[in-house]
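One-letter residues, chain by chain:
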Amino acid sequence: MKLALTIAGSDPSGGAGIEQDLRVWQSLGIHGMAIATALTVQNADEVKDVKPVNPQLVSDRMQALFEAHPPSVIKLGMVANADVAQAVAEGLQRWAGNIPLVHDPVLSASSGTHLLEPSGLRVLLKRLLPRTTVLTPNWDEAVRLSLQVASAAGTHEECAAALQKAGADWICITGGDRNEPKARDFVSGLGVSEYMEGERHPGPSPHGTGCAFSAATAAFLKPGQSPFSALKAAKAYVSNAIGRARPLDAAGQGRRVLVFDGLQ
Ligand code: PXL
């Protein structure tokens, strides 16, 4: 059985974070394990507050899982602050060997709330990017991270080069949230530097699409196969879930969440 582990924030609405990662994996027949890095106070519309989890607790939970039944793939999302990011980096170094890591470098919510305190950026860049197999920033995250390590971050190529220099093996800069006619993602990795084009769905982007994309990429990664295949499969999977997205409130006014195949 494929075991996947998500290390990310908890979203009580189930529309993002570890709760959504588990839904993605359940819909794909994968056993998901989850370690929360932070408890958010939010609904599908708005993040109201973030409470980071004690870093020692994050570390203890990693040790308990890795020692008994290590996952075959890890998805990393929101890491909240420098101390939690440091605990995750140390835990990965001590127990995770070279298990592939899909890393969604979550910096802030759509509403603007910080999901990583600014002091955590340095740890993310210095300790987590070098451990990353596939990095899945959106355009804003790609630019903000690239500008920490390079002077030029005006194009997809420049950002991907900067993030690869910082240590990530593969980069997929997602573009679904940009106001372009096509939902284009830029992929850069061993022998690949190209756009994946997809259908643009009308209306505002549903809650949690970035989280779902990285979780699905982790699900589709296969040993010995290029991560590019996993990214393409994840894009098709998330595009389908966007097409089926619906609001959680009875009046149907709120922000939509994704609906995955096989799940209601
Ligand atoms: O989509 C970014 C994101 C990631 N992780 C958690 C979140 C959010 C956005 O709200 O709550 C836990």
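Thresholds, definitions, all that
Residues numbered from 1 in each chain as written. Predicted model: local features only at pLDDT ≥ 70, side-chain atom pairs only at ≥ 80, totals over all residues. Heavy atoms only, no water. Helix = DSSP H or I, 4+ residues; strand = E, 2+ residues; numbered from the N terminus. Rg over C-alpha atoms; globule rule 2.2 N^0.38 Å. Buried < 20%, exposed > 50% of the residue type's maximum accessible area, 1.4 Å probe, protein only. Contact = heavy atoms within 4.5 Å. Areas by Shrake-Rupley, 256 points an atom, 1.4 Å probe, with all protein chains shown as cover. Lys, Arg positive; Asp, Glu negative; His and termini not counted. Charge placed at Lys NZ, Arg CZ, Asp CG, Glu CD. Near = heavy atom within 4 Å. Polar contact = N/O pair within 3.5 Å; in protein donor to acceptor, adjacent residues only side chain to side chain. Nonpolar A, V, L, I, M, F, W, Y, C, P; charged D, E, K, R; others polar. Pairing = 2+ DSSP bridges. Axes fitted to C-alpha atoms, helices over the stretch in contact; angles between N-to-C directions. 1 Å grid on protein atoms, 1.4 Å probe; cavity = no way out; pocket = protein on both sides within 12 Å on 5 of 7 lines; lining within 4 Å. Points joined across faces, edges and corners; volume = space filled by probe spheres on them. Parallel < 35°, antiparallel > 145°, perpendicular 65-115°, else oblique. Left-handed = near helix turned anticlockwise from the far one by under 90°. Right-handed = clockwise from strand over helix to strand, strands pointing away. Phe/Tyr/Trp six-rings, centres within 6.5 Å; stacked < 30°, edge-to-face > 60°.

**Observations concerning the overall build of the protein**
- Along the protein, the regular secondary structure elements total eight helices and 11 strands.
- Against the 2.2 N^0.38 benchmark of 18 Å for 264 residues, the protein shows a C-alpha radius of gyration of 17 Å, consistent with a compact globule.
- Principal axes of the C-alpha set define a box for the protein whose edges measure 45 × 40 × 35 Å.
- Within the protein, buried positions represent 54% of all 264 residues.
- Pairs at least 24 apart in sequence give 65% of the contacts found in the protein among residues at least 6 apart.
- As displayed, the protein offers around 11500 Å² of accessible surface, 51% of which is attributable to carbon and sulfur atoms.
- Across the protein, 24 positive and 25 negative side-chain charges occur, with their mean positions spaced 3 Å apart.

**As for the site of the ligand**
- In the region of the ligand, the neighbouring residues are G9, G17, Q42, V47, M78, V106, L115, H207 and C211.
- Between the ligand and Q42, the relevant distance is 2.4 Å, taken from an oxygen atom to a side-chain nitrogen or oxygen of the residue.
- Burial of the ligand by the surrounding chains reaches 88%, relative to a free accessible area of 310 Å².
- A class-by-class count of the residues in the shell around the ligand yields five nonpolar, four polar and no charged.

**Description of the sheet that holds strand β7 (residues 170-173)**
- The strand order across the open sheet formed by nine strands is β3-β2-β1-β4-β5-β6-β7-β8-β9, and the pairing between neighbours is mixed. Strands with a single pairing partner mark the edges of an open sheet, and in this sheet they are β3 (47-52) and β9 (192-198).
- On top of the sheet, helix α7 (residues 209-220) reaches β4 (73-76), β5 (101-103), β6 (134-135), β7 and β9; it is set at about 170° to β4, its chief contact.

**Digging into the layout of surface pockets**
- There is about 210 Å³ of room inside the second largest pocket.
- The wall of the second largest pocket is formed by 13 residues, among which P100, L221, K222, P223 and G224 lie closest to the centre.

**Quick look at the side chain of S10**
- By the secondary structure assignment, S10 is in strand β1 (residues 3-10).
- Side chain to side chain, S10 and E19 meet in a polar contact 2.6 Å long.
- Sequence-distant contacts of S10, that is, excluding residues within four places in its chain, are made with I18, E19, A36, A38, L39, T40 and Q42.

**Looking at the packing of helix α5 (residues 139-149) against helix α6 (residues 156-165)**
- In contact at an axis separation of 9 Å, α5 and α6 are set at 55° when each is read in the N-to-C sense. Judged on the interaxial angle alone, α6 and α5 are oblique. α6 is crossed by α5, and the crossing has left-handed handedness. Side by side, α5 and α6 meet where W139, A142, V143, L145, S146 and V149 of the first sit next to H156, C159, A162 and L163 of the second.
- Taken together, the residues that form the contact of α5 with α6 break down as eight nonpolar, two polar and no charged.

**Some words on the pairing of β9**
- Bridge analysis of strand β8 (residues 183-189) against β9 gives seven bridges, and the strand direction is antiparallel. Its bridge partner being in β9, G189 is matched across the sheet by V192.
- Connecting the antiparallel pair β8 and β9 is a turn made up of two residues, with G191 showing a positive phi of about 75°.

**Observations concerning the pairing of β4**
- Of the two faces of β4, both are covered, the one formed by V73 and K75 as well as the one formed by I74 and L76.
- In this sheet, β4 lies alongside β1 in parallel orientation, the contact comprising four bridges. Residue pairing across strands places A4 opposite V73, the latter belonging to β4.
- Bridge analysis of β4 against β5 gives three bridges, and the strand direction is parallel. Bridging from a neighbouring strand, L76 pairs with H103 of β5.
- Where the polypeptide runs from β4 across helix α3 (residues 82-95) and back to β5, its parallel neighbour, the crossover connection is right-handed.

**Some thoughts on the packing of aromatic side chains**
- Going through the model one piece at a time under the given rule, you end up with three aromatic pairs.
- Geometrically, the ring pair formed by F220 and Y237 is edge-to-face, given 6.1 Å between the ring centres and 75° between the ring planes. You can see F220 sitting in helix α7 and its partner Y237 sitting in helix α8 (residues 227-243), a full 17 residues away along the chain.
- Using a relative accessible area of 21% as the deciding quantity, one classes F220 as partly exposed.
- The exposure class of Y237 is buried, given its relative accessible area of 9%.
- Relative to F260, the ring of Y237 lies with its centre 5.6 Å away and its plane at 5°, an arrangement referred to as stacked. With Y237 in helix α8 and F260 in the segment after β11 (256-257), the pair connects residues that are 23 residues apart, well separated along the chain.

Don't take any of this as a statement about function, it's just geometry.
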